[in-house]
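Coordinate analysis (summary)
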Amino acid sequence: QVQLVESGGGLVQAGGSLRLSCTTSVTIMSLTTMGWYRQAPGKQRELVATIAKSGYTNYADSVKVRFTISRDNAKHTVYLQMNDLKPDDTAVYYCNAAATWGAYWGQGTQVTVSS
């Protein structure tokens, strides 16, 4: 079982920045991939960014250049630095951890970007 605790969401004006954090209950290097997904009202959950055990990162086209995913293995934490936020980025952001034995989700953190 992997527990994920997210933090860092909030309300920000367009053009502003936020940093989301996701702390795991296990060593990050025991996981295959960690990532961030988001779900806006009335829409399906979508991938935002992932970071593999190898360090390879992947981003949705809509957030490339503006968002950066990173990790601190010693702190068991993955971050999502979000810059130049837009109203379309408003959503609940979920942390995801994929392991050989299963996949896990955090409880979600709300990000609201006002115009």
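Everything below is about the structure shown above.
Scope of this entry: the structure provided in the associated data block.

So, how was this worked out
Residues numbered from 1 in each chain as written. Predicted model: local features only at pLDDT ≥ 70, side-chain atom pairs only at ≥ 80, totals over all residues. Heavy atoms only, no water. Buried < 20%, exposed > 50% of the residue type's maximum accessible area, 1.4 Å probe, protein only. Helix = DSSP H or I, 4+ residues; strand = E, 2+ residues; numbered from the N terminus. Pairing = 2+ DSSP bridges. Disulfide = S-S within 2.5 Å. Core = buried A, V, L, I, M, F, W, Y, C linked by side-chain atoms within 4.5 Å. Contact = heavy atoms within 4.5 Å. Phe/Tyr/Trp six-rings, centres within 6.5 Å; stacked < 30°, edge-to-face > 60°. Lys NZ or Arg CZ within 6 Å of the ring centre and 35° of its normal. Axes fitted to C-alpha atoms, helices over the stretch in contact; angles between N-to-C directions.

1. Some details on the pairing of strand 8 (residues 77-82)
Here strand 8 lies mainly inside the structure; five of its six residues are buried. In this sheet, strand 8 lies alongside strand 3 (residues 18-24) in antiparallel orientation, the contact comprising six bridges. Each residue of the ladder has a partner; that of R19, found in strand 8, is Q81. Two elements, strand 7 (residues 67-72) and strand 8, share six bridges in a ladder whose sense is antiparallel. When the bridges of strand 8 are listed, S70 appears paired with Y79. Two successive antiparallel strands, strand 7 and strand 8, enclose a turn made up of four residues, where H76 displays a positive phi of approximately 55 degrees.

2. Description of the state of the cysteines
Each disulfide consists of a covalent bond between the sulfur atoms of two cysteine residues. Per the stated rule, a full pass over the model turns up one disulfide. Between the sulfur atoms of C22 and its disulfide partner C95 the distance amounts to 2.0 Å. Judged by the sign of its S-S torsion, about -80 degrees, the cystine formed by C22 and C95 is left-handed. Here C95 lies in strand 9 (residues 91-99) and C22 lies in strand 3, a separation of 73 residues in the sequence. For the pair C22 and C95, a shared accessibility class is recorded, and that class is buried.

3. A word on the nonpolar core
Core analysis: the largest hydrophobic core is formed by 32 residues, its most contacted members being M34, W36, L80, M82 and Y93. Those elements giving two or more residues to this core turn out to be strand 3, strand 4 (33-39), strand 5 (46-52), strand 7, strand 8, strand 9 and strand 11 (109-114). A total of five residues in this core trace back to one element, the largest contributor, which is strand 9. Setting aside residues no more than four positions away along its own chain, M34 makes contact with L4, C22, T24, I28, A49, T50, I51, I69, V78, C95, N96 and A97.

4. Side note on the packing of aromatic side chains
By the definition in use, this model includes two aromatic pairs. Pairwise contacts between aromatic rings join Y37, Y94 and W105 into one cluster. The ring of Y94 carries R45 above its face, with NZ or CZ at 3.7 Å from the centroid. Directly above the ring of W105 sits R45, whose terminal nitrogen or CZ lies 4.5 Å from the centroid.

5. Focus on the sheet that holds strand 8
With respect to topology, four strands assemble into an open sheet ordered 1-3-8-7, the strand pairing being antiparallel. Because the sheet does not close on itself, it has two edges, and the strands there are strand 1 (4-7) and strand 7. Each adjacent strand pair in this sheet contributes to an overall mean axis angle of 15 degrees, direction not counted.

6. Concerning the pairing of strand 9
Across the nine residues that make up strand 9, a large majority, seven, are buried. Bridge count for strand 4 against strand 9 is seven bridges, and the pairing is antiparallel. Bridging across to strand 9, R38 finds its partner in Y93. Relative to strand 11, strand 9 is paired through three bridges, and the arrangement is antiparallel. When the sheet's bridge partners are listed, V92 is paired in strand 11 with Q110. Where strand 9 and strand 10 (residues 102-105) come together, four bridges link them in antiparallel fashion. When the sheet's bridge partners are listed, A98 is paired in strand 10 with A103.

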